[in-house]
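Notes for the structure review
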Amino acid sequence: RYVRQLQRLQLLFSPTAADSRGARQFVEEAAVDFARQHPDVVLYVSPRAGSAPLLLAEYLNGTVREELIASKTSEEIKQLATKLAGQSGLDIIRIRKPFHTDNPSVQGQWHPLTNKPSALTVQGPRLQLQ
Amino acid sequence: MVLLSAQRWIRSRLTDRFWRVQEVLKYARHFRGRKNRCYKLAVRSVRRAFVKSTKARREKKRILRALWITRIEAASLEHGLKYPAFISNLLKSQVELNRKVIADLAIYEPKTFKSLAALAQRRRQEGFLAALGDGKEPEGIFSRIVHHY
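Residues numbered from 1 in each chain as written. Chains lettered and ligands numbered in written order. Predicted model: local features only at pLDDT ≥ 70, side-chain atom pairs only at ≥ 80, totals over all residues. Heavy atoms only, no water.

As annotated in an unreviewed UniProt entry, chain B carries the name Large ribosomal subunit protein bL20m and comes from Chroicocephalus maculipennis. Turning to chain B, the UniProt record has this under Sequence similarities (unreviewed entry): "Belongs to the bacterial ribosomal protein bL20 family." (UniProt positions renumbered as here; feature names shortened; annotations may be inferred.)

Under an unreviewed UniProt entry, the name given to chain A is Large ribosomal subunit protein mL43, and the source organism is Rissa tridactyla. In its Subcellular location (unreviewed entry) section, the UniProt entry covering chain A states "Mitochondrion".

Below, the structure written as structure tokens:
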């Protein structure tokens, strides 16, 4: 079953500033539809004065991602929100290898004495007699 | 640092220019010398670093393949086979493993690699018999080709 990794989305905007216009339109028109379409994401809408409009996304593994939505249209904010809802909280950096194992070796990793005759490693009373 | 008075706040303003400069300097932090601190030197170094990393993506494929070949050669010499003999006989026995996988097997599964080397050696002997024995002996077992179509 699919578990959405996005826990909550906080929409912080100012009720009067000009760059929060898109955010206000989003709240009026598309926020309720977005909340209905993504029932497992909690959407918090908190108007606050003075700072730039932000979209805070918190994920199940604890990462918090902030996206500036200043001077963005309501459509763009909706697309951003759906993109964040589809992501997981892992860091967005270059993956060095697309594979990973905890047990890389089944037969025992090679060391310089793997293919040598065991007379070099084994010390026993019989060898000394011969 | 906590700046308590308004005058101190204004004196240490973070302008847009600061952020534009930091965007470049963040890629130069691990360089040596003044290039990791001074913007003018860092711009040139960062640009060269990016160009080199773009061009090196083509070289990386060649370098890694050469590394795998070196490792396979070392491992097969431990079992008494040279690299060209090993690879050619493995291909003739229809074992289509690429060099990356064979190198990983040589490191992490030495017994599997030993059996691959033994297979290549057996196929080599059968090839010699077929070429020098002139048709009187039966055909080799490992020289049989399986058609999958």
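Having seen it, we continue.
Residue and element names in this part refer to chain A. One open sheet accounts for four strands, arranged β2-β1-β3-β4; its pairing is mixed. Each having just a single partner strand, β2 (42-47) and β4 (64-68) make up the two edges of the open sheet. Looking at each pair of strands side by side, their axes are set apart by 15° on average, direction ignored. Examined bridge by bridge, strand β3 (residues 54-59) and β4 share five bridges and lie antiparallel to one another. In the strand pairing of β4, alanine 57 is matched with arginine 65. (Pairing = 2+ DSSP bridges. Helix = DSSP H or I, 4+ residues; strand = E, 2+ residues; numbered from the N terminus. Axes fitted to C-alpha atoms, helices over the stretch in contact; angles between N-to-C directions.)

What follows is about helix α4 (residues 83-92) of chain B. All names here are of chain B. Residues Tyr83, Ala85, Phe86, Ile87, Asn89 and Leu90 constitute the buried set of α4. On its buried face, α4 is in contact with α3 (39-78), α5 (99-108) and α6 (110-132). Following α4 by one or two positions, glutamine 94 has its phi on the positive side, about 60°. (Buried < 20%, exposed > 50% of the residue type's maximum accessible area, 1.4 Å probe, protein only. Contact = heavy atoms within 4.5 Å.)

This part takes up the packing of helix α1 (residues 21-29) of chain A against helix α3 (residues 74-86) of chain A. When two helices pack together, their arrangement is given by the angle between their axes and by how far apart the axes lie. Residues and elements named next belong to chain A. Following both chains from N to C, one finds α1 and α3 inclined at 75°, their axes separated by 8 Å at the closest point. On the basis of the axis angle, α1 is roughly perpendicular to α3. On α3, the residues touching Gly22, Ala23, Gln25, Phe26 and Glu29 of α1 are Ser74, Ile77 and Lys78. The residue makeup of the contact of α1 with α3, split by class, is three nonpolar, three polar and two charged. (Parallel < 35°, antiparallel > 145°, perpendicular 65-115°, else oblique. Nonpolar A, V, L, I, M, F, W, Y, C, P; charged D, E, K, R; others polar.)

A separate point is the UniProt feature "domain: Ribosomal protein/NADH dehydrogenase" (unreviewed entry) in chain A. Look at the UniProt record and you will see "domain: Ribosomal protein/NADH dehydrogenase" (unreviewed entry) annotated at residues 15-88 of chain A. Along residues 15-88 of chain A, the helical share is 39% and the strand share 23%, with 31 Å between the first and last C-alpha atoms.

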